[in-house]
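What follows is the residue order along each chain.
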Amino acid sequence: DQQVKQNSPSLSVQEGRISILNCDYTNSMFDYFLWYKKYPAEGPTFLISISSIKDKNEDGRFTVFLNKSAKHLSLHIVPSQPGDSAVYFCAASARWRGGSNYKLTFGKGTLLTVNP
Amino acid sequence: EAGVAQSPRYKIIEKRQSVAFWCNPISGHATLYWYQQILGQGPKLLIQFQNNGVVDDSQLPKDRFSAERLKGVDSTLKIQPAKLEDSAVYLCASSRGLAPSYEQYFGPGTRLTVT
């Protein structure tokens, strides 16, 4: 049962253009969403996040949009740069068993390639 | 500040053997996580510690996996005996606290191959 889905295994864009990475989720208890970026042979690094009370969060070239009714979020990168080439993971968090603990559920990732 | 350290970086063992991974989190981080990332999948949480106590180990295969965080700092994850399906990258992460707004910092991972 995959609760966080990234249906595009890969995406290729030209340098300077917009990259749009998509993520869908099924669990309505998710209330915090994150994007992580991963280079080969390295651990994931945090990129940007959004709370369920917002529908947009922006940080420089990166913007995350959240559509709660559609259970969909997207990451926009503008303009895309060759250094952005990496695997991008969408992750969602829900309070675990009603306590103070939260658990992250990750999607399978999307490989972004930005061509010079 | 120094990042999350993990060792070894790579390990190859035969099935039914034992293996242990070590993690040193960022100084001052109370929460420590072990994730398993199988090729083509996202990281899956195995166990989560708050200081030296376990707060979630619901996805840890306890018949073969064990983990400890003595003194609330370093942690070890052990597999005994290993199966072929345990081949994966094992990621350690740490954060200042439990809430998702506390960024999780990941180590480089240990790539385990079970033959």
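Keep in mind the model is a prediction, meaning the values are calculated, not measured.

Trainee: Explain the packing of aromatic side chains here, please?
Mentor: Each aromatic ring pair is characterised by the separation of its centres together with the angle its planes make. Applying the stated criterion across every chain, the model contains 13 aromatic pairs over all chains. Centroid distance Y36 of chain A to F106 of chain B: 5.6 Å. Interplanar angle 85°. Geometry classified as edge-to-face. You can see Y36 of chain A sitting in strand β4 (residues 32-38) and its partner F106 of chain B sitting in strand β10 (residues 105-106), one on each of two chains. Classification of Y36 of chain A by relative accessible area gives buried; the value is 0%. F106 of chain B sits in the buried class, given a relative accessible area of 11%. Their ring planes at 25° and their centres at 5.0 Å tell us that F21 of chain B and Y90 of chain B sit as a pair that is stacked. Here F21 of chain B, found in strand β3 (residues 19-24), pairs with Y90 of chain B, found in strand β9 (residues 88-95); they are 69 residues apart in sequence, far enough to count as distant.

Trainee: I would appreciate a short explanation of the interface of chain A and chain B in the present structure.
Mentor: Interfaces are frequently sized by the accessible area removed from exposure as the parts join. Taken together, the contact pairs 21 residues of chain A with 23 residues of chain B. Carbon and sulfur atoms make up 57% of the surface buried where chain A meets chain B, a total of about 1700 Å² over both sides. For the interface between chain A and chain B, the tally reads one salt bridge. A salt bridge links D56 of chain B to K103 of chain A; its shortest N-O distance comes to 3.9 Å. Counting across the chain A and chain B interface gives one residue pair in polar contact (both at pLDDT 80 or more). For the side of chain A that touches chain B, the class distribution of residues is 11 nonpolar, five polar and five charged.

Procedures and definitions
- Residues numbered from 1 in each chain as written.
- Chains lettered and ligands numbered in written order.
- Predicted model: local features only at pLDDT ≥ 70, side-chain atom pairs only at ≥ 80, totals over all residues.
- Heavy atoms only, no water.
- Phe/Tyr/Trp six-rings, centres within 6.5 Å; stacked < 30°, edge-to-face > 60°.
- Helix = DSSP H or I, 4+ residues; strand = E, 2+ residues; numbered from the N terminus.
- Buried < 20%, exposed > 50% of the residue type's maximum accessible area, 1.4 Å probe, protein only.
- Contact = heavy atoms within 4.5 Å.
- Buried area = accessible area lost by both parts, 1.4 Å probe.
- Salt bridge = Lys/Arg side-chain N within 4 Å of Asp/Glu carboxyl O.
- Polar contact = N/O pair within 3.5 Å; in protein donor to acceptor, adjacent residues only side chain to side chain.
- Nonpolar A, V, L, I, M, F, W, Y, C, P; charged D, E, K, R; others polar.

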